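# Coordinate inspection notes
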Amino acid sequence: MENVRQSLHKLKIDCSQDNVPGIAVLGSGGGLRAMIALQGTLRELENQNLLGIVKYLCGVSGSTWCMSYLYKDEDWPKKLPTLEDGLCEKLAGGSWKMSKVLDALGAAVDEDDEYSLTDFWAYAIIYEVLNELDETLLSEQASEKGKAPYPIYAAVDGKRLTEASKTSKEIWFEFTPHEAGFPSPGGFVSTTHFGSEFENAELKKKNKEKNICYLRDYLEQLWSIFEKKVDAAFLQEEKNQSETYRMLSVLKDKWNLLSQDAQVQDYVTLSEILEKEFAETAKQTHLHEEPFIGVWKLLKIVDKILHLLYTWTWGSNRNFLYKCRDIQSGDLTNDDIISLVDAALAINSAYPLILRPERKVNLILSFDFSSGDPFETVKMAAKYCMENNVPFPKIDEKTLEKDKDNPEDCYIFKEENAPTVIHIPLFNRVNCEGKIKEWKDKYSTFRLSSYTDQEIRDLLRVAKQNVSNPKTKQRILAEIQNAAK
């Protein structure tokens, strides 16, 4: 808190120890686009001496990729130029190694009783996109010296997620360096014990802490982007996506609607594709140099994955609230397994987590990297708050509807006894100069092929402009001043 006060003083904003404003940055989902854009946003916040005043950094989906990349170093705010160059190099010039995938999947199959398709997705598909297998631990991201905003990662309960429950408090789940759990009904466990076996709050078996690569998959399970209605012809143009990825993405939405005969047929087809692609990839690696190890490892992994495909098992983990009598939520405590999925399936920005009363947030900087309606997140947040009696400023939906295809660079929503929200769409009429659609098409969520170094730097540039624009900066500073009164 003292670090925040000192940062405010640099901006010539003084406040007492008891009146330090609670300022949070929200990064929405949006795949690689969100990852890159949040990197640019945070660097420019630091350049403008604004990052030091931020108490919380909360992300969904692609934004969490950026967060997990940065928080490997507790002093990352002072190293953003170097980290930015590293990100460009990693995304534009990284390499995918089959041997790494097999090692990670093999270890997961051997060690984890709750091995699911989430493991396969994290260690194979996500690795192909990010060119990285991040085996660091979330519990290692704690900065005891307060050098960086406190990180909050969002997910939702997949078993209880329905169209009607998207604005329910009960489905939201958060990961932080210290604890993981459901803010409502208030059940948490130490992050180091997430995935261990509990019964009535008593530890029965300590399991290995999940690494960032696995947790990140909860936060950005890429099949969720297919929730949107997309022209099938467009998908066929994505030549760089594997057949396994494309079929998994499509089946995820329709699996439960298929007849048993259709499920069996799709299962057989998917199995054949998976075996073919693993075999083809193996031929392109050096597995032939270690034939016994490589072949048996591959067979064991494929056998496990084929079973999971048939049972369609995703995101399984031990429920630390199992039979916990202190929690008044029968449907949650009766199950020994929980299933967490991408929070973007509910709201593509984690307002419910940052608006917890104990966090005392009174100013939210919302950076929206969504592919569709740039105001969908704030409209869903308003609906969530109305249904759950959480203070939130009124929004003018008519104006937002009118502006959605050509948004301004900054919107401010405020009223008495509610947090102020500064909402900034990534692509807008200021930084895109009449070419918003072209920018959206170029950086589509569905583009999972590699960006060139220049494309990455162009996206970083427009994201930075949303903070460096003098008019926007002055509006942000004015609201910070108001929050500190």
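Everything numeric in this text was worked out from a predicted model, so none of it was measured.

Here we take up the pairing of strand β6 (residues 187-190). With burial as the criterion, only one face of β6 is covered, namely that bearing G187 and V189; the residues F188 and S190 on the opposite face remain uncovered. Here four bridges tie strand β5 (residues 179-182) to β6, and the two strands are oriented antiparallel to one another. If you follow G181 over to β6, its bridge partner there is F188. Linkage of β5 to β6, two consecutive antiparallel strands, is achieved through a turn of four residues, within which G186 is found at a positive phi near 100 degrees.

Here the focus is the packing of helix α4 (residues 80-93) against helix α17 (residues 453-468). Packing of α4 against α17 brings their axes to within 9 Å, and their N-to-C directions diverge by 140 degrees. Taken together, the axis directions place α4 and α17 in an arrangement best described as oblique. Where α4 crosses over α17, the handedness of that crossing is right-handed. Here α4 contributes E84, D85, C88, L91 and A92 to the contact with α17, which in turn contributes D453, I456, R457, L460 and K464.

When the terminal C-alpha atoms of helix α2 (residues 31-47) are compared, their 25 Å separation across 17 residues agrees well with the 24 Å that a helix rising 1.5 Å per residue should span. Within α2, 16 of the 17 residues are buried, which leaves it mostly tucked inside the rest of the structure.

For the rest of this paragraph, the subject is unusual backbone geometry. Cis geometry is found at the peptide bond from S184 to P185, where omega equals 20 degrees. Following the sequence through the fold, P185 ends up in the loop between β5 and β6. Positive phi is not limited to glycine here, since A201 has a value of about 70 degrees. Position of A201 among the secondary structure elements: in the loop between β7 (197-199) and β8 (202-205). For K360, which is not a glycine, the phi torsion comes out positive at approximately 50 degrees. Summarising the element assignment, K360 is placed in the loop between α13 (351-354) and β11 (363-368).

Another aspect to go through is the nonpolar core. The tendency in soluble globular proteins is for nonpolar side chains to be buried side by side. Core analysis: the largest hydrophobic core is formed by 76 residues, its most contacted members being W76, F173 and I480. Residues A346, A350, L355 and A382 belong to the second largest nonpolar core, which totals 37 residues.

Bringing the pattern of salt bridges into the picture now. Close approach of charged atoms allows side chains of opposite charge to pair. Applying the stated criterion across every chain, the model contains 25 salt bridges. One salt bridge in this structure joins R43 and E84, with 3.1 Å as the shortest N-O distance. On the criterion of sequence distance, the pair formed by R43 in helix α2 and E84 in helix α4 is long-range, its members being 41 residues apart. Taking the relative accessible area as the measure of exposure, E84 reaches 3% and is therefore buried.

Turning next to the packing of α2 against α4. Direction vectors running N to C along α2 and α4 enclose 165 degrees, while the axes themselves pass 10 Å from each other. Considered as vectors, α2 and α4 are oriented roughly antiparallel to each other. Taken as a pair, α2 and α4 cross one another with a handedness that is left-handed. Between α2, through L32, M35, I36, Q39, L42, R43 and E46, and α4, the contact on the second element is made entirely by L80, P81, L83, E84, L87, K90 and L91. Classifying every residue of the contact of α2 with α4 by side-chain character gives nine nonpolar, one polar and four charged.

Our focus in this paragraph is α17. Between the first and last C-alpha of α17 there are 22 Å, a value that for 16 residues agrees with the 22 Å anticipated at 1.5 Å per step. Looking only at α17, the buried set comprises E455, I456, D458, L459, L460, V462, A463, K464, N466 and V467.

We now examine the packing of aromatic side chains. The geometry of an aromatic ring pair is captured by the separation of the ring centres together with the interplanar angle, meaning the angle of the planes. Tallying each qualifying case throughout the model produces 12 aromatic pairs. Each ring, one from Y351 and one from F392, has its centre 5.7 Å from the other, and the planes form 85 degrees; the classification is edge-to-face. Here F392 lies in the loop between α14 (376-387) and α15 (397-403) and Y351 lies in helix α13, a separation of 41 residues in the sequence. Y351 sits in the buried class, given a relative accessible area of 0%. What links up through ring pairs into an aromatic cluster is the set F173, F175, F182, F194 and F320. Cation over ring: K442 sits above W439, and NZ or CZ is 5.8 Å from the ring centre.

Quick notes on the rules
Residues numbered from 1 in each chain as written. Predicted model: local features only at pLDDT ≥ 70, side-chain atom pairs only at ≥ 80, totals over all residues. Heavy atoms only, no water. Buried < 20%, exposed > 50% of the residue type's maximum accessible area, 1.4 Å probe, protein only. Helix = DSSP H or I, 4+ residues; strand = E, 2+ residues; numbered from the N terminus. Pairing = 2+ DSSP bridges. Axes fitted to C-alpha atoms, helices over the stretch in contact; angles between N-to-C directions. Parallel < 35°, antiparallel > 145°, perpendicular 65-115°, else oblique. Left-handed = near helix turned anticlockwise from the far one by under 90°. Contact = heavy atoms within 4.5 Å. Expected span 1.5 Å × (residues − 1). Core = buried A, V, L, I, M, F, W, Y, C linked by side-chain atoms within 4.5 Å. Salt bridge = Lys/Arg side-chain N within 4 Å of Asp/Glu carboxyl O. Nonpolar A, V, L, I, M, F, W, Y, C, P; charged D, E, K, R; others polar. Phe/Tyr/Trp six-rings, centres within 6.5 Å; stacked < 30°, edge-to-face > 60°. Lys NZ or Arg CZ within 6 Å of the ring centre and 35° of its normal.

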